[in-house]
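Survey of secondary and tertiary structure
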Amino acid sequence: MGLDMYLEKRTDVRLWNFQKEEEQFEVVVKKGGVTYPKINLKNVTTIIEEAGYWRKANAIHRWFVENVQDGNDNCGEYFVPKSLLEKLLELCLAVKLNPEQADELLPTGSGFFFGGDEYDEWYFDKIEYTIEVLREALSDDDASYYYSSSW
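Conventions used here
Residues numbered from 1 in each chain as written. Predicted model: local features only at pLDDT ≥ 70, side-chain atom pairs only at ≥ 80, totals over all residues. Heavy atoms only, no water. Helix = DSSP H or I, 4+ residues; strand = E, 2+ residues; numbered from the N terminus. Expected span 1.5 Å × (residues − 1). Buried < 20%, exposed > 50% of the residue type's maximum accessible area, 1.4 Å probe, protein only. Contact = heavy atoms within 4.5 Å. Polar contact = N/O pair within 3.5 Å; in protein donor to acceptor, adjacent residues only side chain to side chain. Axes fitted to C-alpha atoms, helices over the stretch in contact; angles between N-to-C directions. Left-handed = near helix turned anticlockwise from the far one by under 90°. Nonpolar A, V, L, I, M, F, W, Y, C, P; charged D, E, K, R; others polar. Pairing = 2+ DSSP bridges.

Observations concerning helix H4 (residues 121-138)
Side chains of residues three or four places apart in an α-helix project in the same direction, reflecting 3.6 residues per turn. Given a rise of 1.5 Å per residue, 18 residues ought to cover 26 Å, and the 26 Å separating the end C-alpha atoms of H4 matches this to within 8%. Every buried residue of H4 is accounted for by Tyr123, Ile127, Thr130, Ile131, Val133, Leu134 and Ala137. Turning to H4, the residues buried within the fold contact strand E1 (4-12), strand E4 (46-55), helix H1 (58-67), helix H2 (82-97), helix H3 (102-105) and strand E6 (143-150). Two or three places before Trp122, at the opening of H4, Asp120 has a side-chain oxygen 3.2 Å from that residue's backbone nitrogen.

Written as structure tokens, this is what we have:
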């Protein structure tokens, strides 16, 4: 048990009649090297990938709850605009450059099985991981992102 956090990357791959051939995606699903017949590939509209997964990164979770979820810590799924991903990246980079200000820039949060609230090696490892996740996410102009959590 504990705080699990997910950032999903969603890419719209639906085929539109007005798209040029070079704008269209080709979706292939295979099982055992053979095209899987039980999925109608013409009906596939979205590819969902795990862009980030955190465990007990309560400072990151707290930020999402306050900035994306309007304070509702309810294990829901929330769209995250790229502008907010950029804001979180800026905060994480500021924490990395000024670790003594971590408690002001990106404070920890508490909750049932949310992990420690110290500004220790675990905290800063999660900040570094978040920087990697966000840089990758912000490099993709075709995708949209959604945050969710569970505990």
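The rest of the description comes next.
Here's the deal with H1
Burial analysis of H1 places seven of its ten residues in the buried class, which makes it a mostly covered element. Taken together, the buried positions of H1 are Asn58, Ala59, Ile60, His61, Trp63, Phe64 and Val65. Structurally, H1 contributes buried residues whose contacts are with E1, E4, strand E5 (77-80), H2, H4 and E6.

Comments concerning the environment of Asn43
With respect to the secondary-structure elements, Asn43 resides in the loop between strand E3 (34-35) and E4. Linking Asn43 and Leu88, residues 45 residues apart in sequence, is a C-alpha distance of 35 Å.

Here we look at the packing of H1 against H2
Packing of H1 against H2 brings their axes to within 12 Å, and their N-to-C directions diverge by 140 degrees. In this structure, the crossing between H1 and H2 has a hand that is right-handed. Where H1 approaches H2, its residues Ile60, Trp63, Phe64 and Asn67 are matched on the opposing element by Leu84, Lys87, Leu88, Leu91 and Cys92. Looking at the contact of H1 with H2 residue by residue, the class counts come to seven nonpolar, one polar and one charged.

With respect to the pairing of E6
Pairing of E1 with E6, which is carried by eight bridges, proceeds in the antiparallel orientation. Bridge pairing links Met5 to Ser149 in E6. In this structure, E5 lies alongside E6, joined through four bridges in antiparallel fashion. Its bridge partner being in E6, Phe79 is matched across the sheet by Tyr146.

Considerations on the sheet that holds E4
Strands belonging to one sheet form pairs held by backbone hydrogen bonds; the direction of such a pair is parallel or antiparallel. Strand order in the open sheet made by the four strands is E4-E1-E6-E5, with antiparallel pairing throughout. In this open sheet, the two strands that pair with only one neighbour each are E4 and E5. For this sheet the average axis-to-axis angle between neighbouring strands, irrespective of direction, equals 25 degrees. As judged from the nine bridges shared by E1 and E4, these two strands associate in the antiparallel manner. Its bridge partner lying in E4, Asp4 is registered against Arg55. Across the face of the sheet, H1 comes into contact with E1, E4, E5 and E6 while running at roughly 115 degrees to E6.

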